[in-house]
Amino acid sequence: MRLLRLFDDYLEEAVVVILFLMILVVGIEQVITRYLLHFVFSWAEELMRICFVILALFSFSLCAKKLEHVKVEALLTVLPKRLGTFIKVFSSTVFLAFTTLLIQHSWSIMSLQYRSHQVTAAMGIPTWTYFVFGPMCFTIMAFRIIQKSIIPQIKEFFSFGDKKGDDR
């Protein structure tokens, strides 16, 4: 249970830090070998590009976890709280539906890469091995939307009847 809690609390952060450090180390290595030793490793740019894409995918999930996606909340300040909460639940549900579409389409792309047996130019690894991070990260993102947005907002919406006072 403790391990599950660690994954829940730090999965995206740990992966993002590790990937960023990999990009940094390989980038510094490229500069040193290029300008001091006058040669380059052919796989370095490809590895940094793959790490960057995976970093971006995990960052999407991290933003959903920390509720830091871009959204317009100006209208919510003038609406009654219950209606504002309903709108937040609706927008989070639309966001979840969009993320579900991303899961489906990224799965299709990954499956196509698997069936094509395509490999990367410099490292020679099958392309599906990093395309698999698309559906995986979007699935984690969908879980975070449900966990951090939809469930708390639904609880907030149904708790209004329990509280005394105005609906503002």
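Just so you know, these numbers come straight off a predicted model, no measurement behind them.

Quick word on the packing of aromatic side chains
- Tallied over the entire structure, the rule returns eight aromatic pairs.
- Arranged with centres 5.3 Å apart and planes meeting at 80 degrees, the rings of Phe39 and Phe41 form a pair that is edge-to-face.
- On the accessibility criterion, Phe41 (32% relative accessible area) is partly exposed.
- Between Tyr114 and Trp128, the aromatic rings sit 5.2 Å apart at their centres with planes inclined by 80 degrees, giving edge-to-face as the arrangement. Here Tyr114, found in helix 3 (residues 81–116), pairs with Trp128, found in helix 4 (residues 128–131); they are 14 residues apart in sequence, far enough to count as distant.
- For Tyr114, a relative accessible area of 47% translates into the label partly exposed.

Digging into a nonpolar patch on the surface
- Taken together, the side chains of Val17, Phe20, Leu21, Leu24, Ile28, Ile32, Leu36, Leu37, Phe39, Phe41 and Trp43 present a nonpolar region at the surface, about 1000 Å² in accessible area.
- Assignment of secondary structure puts Phe39 in the loop between helix 1 (2–35) and helix 2 (44–65).

Cut-offs and rules
Residues numbered from 1 in each chain as written. Predicted model: local features only at pLDDT ≥ 70, side-chain atom pairs only at ≥ 80, totals over all residues. Heavy atoms only, no water. Phe/Tyr/Trp six-rings, centres within 6.5 Å; stacked < 30°, edge-to-face > 60°. Buried < 20%, exposed > 50% of the residue type's maximum accessible area, 1.4 Å probe, protein only. Helix = DSSP H or I, 4+ residues; strand = E, 2+ residues; numbered from the N terminus. Patch = residues over 30% accessible without salt bridge, like charges linked within 9 Å, V, L, I, M, F, W, Y side chains within 5 Å. Areas by Shrake-Rupley, 256 points an atom, 1.4 Å probe, with all protein chains shown as cover. Salt bridge = Lys/Arg side-chain N within 4 Å of Asp/Glu carboxyl O.

Honestly, it's all geometry; don't read function into it.
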